[in-house]
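Chain by chain, the residues run as shown.
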Amino acid sequence: MCSCNVDSVDKNERIFFNINLCMPDTDICYWFELSISNKGNIEIKDTTSDEDENM
């Protein structure tokens, strides 16, 4: 994992994280948005664009 930070907290008490995963010694990286609700529900959304994958 290259980075992980808190992006925001919404009115529904969900916490949003931005996560960056990179393969060591390459330029291959993927970006995700992770959200966790106050009830424990977890959602992961791939936010990697096609341009990012071709770096």
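Residues numbered from 1 in each chain as written. Predicted model: local features only at pLDDT ≥ 70, side-chain atom pairs only at ≥ 80, totals over all residues. Heavy atoms only, no water.

Topic: the side chain of serine 37
Moving on, step 1. Structurally, serine 37 can be placed in the loop between β3 (29-36) and β4 (42-46).
Moving on, step 2. The residues contacting serine 37, other than those within four sequence positions of it, are Glu13 and Arg14. (Helix = DSSP H or I, 4+ residues; strand = E, 2+ residues; numbered from the N terminus. Contact = heavy atoms within 4.5 Å.)

Here's the deal with the pairing of β3
Moving on, step 1. In terms of strand pairing, strand β2 (residues 15-22) meets β3 through eight bridges, oriented antiparallel. Looking across to β3, one finds that asparagine 20 is bridged to tryptophan 31.
Moving on, step 2. Linking β2 back to β3 in an antiparallel pair, the connection comprises six residues, with aspartate 25 at a positive phi of about 60 degrees.
Moving on, step 3. In the sheet, β3 pairs with β4 via five bridges, with the strands oriented antiparallel. Residue pairing in the sheet places glutamate 33 in a bridge with lysine 45 of β4.
Moving on, step 4. Taken together, β3 and the strand that follows it, β4, pair antiparallel across an intervening segment of five residues, in which glycine 40 is found at a positive phi of about 90 degrees. (Pairing = 2+ DSSP bridges.)

A word on the confidence of the model for the protein
Moving on, step 1. Of all residues in the protein, 87% attain a pLDDT of 70 or more, and the chain-wide mean is 86.
Moving on, step 2. Ranking the helices and strands of the protein by mean pLDDT puts β4 first, with 95, and helix α1 (residues 50-53) last, with 56. (pLDDT = per-residue confidence, 0-100.)

With respect to the pattern of salt bridges
It is possible for side chains bearing opposite charge to pair when their charged atoms get close.
Moving on, step 1. By the definition in use, this model includes one salt bridge.
Moving on, step 2. For the salt bridge of arginine 14 with aspartate 10, the shortest nitrogen-to-oxygen distance reads 2.9 Å. (Salt bridge = Lys/Arg side-chain N within 4 Å of Asp/Glu carboxyl O.)

Thoughts on the sheet that holds strand β1 (residues 3-9)
Moving on, step 1. The four strands are arranged β1-β2-β3-β4 in an open sheet whose pairing can be described as antiparallel. A strand with exactly one partner marks an edge of an open sheet, and here the two such strands are β1 and β4. Averaged over all neighbouring strand pairs, the angle between strand axes comes to 25 degrees, with direction disregarded. (Axes fitted to C-alpha atoms, helices over the stretch in contact; angles between N-to-C directions.)

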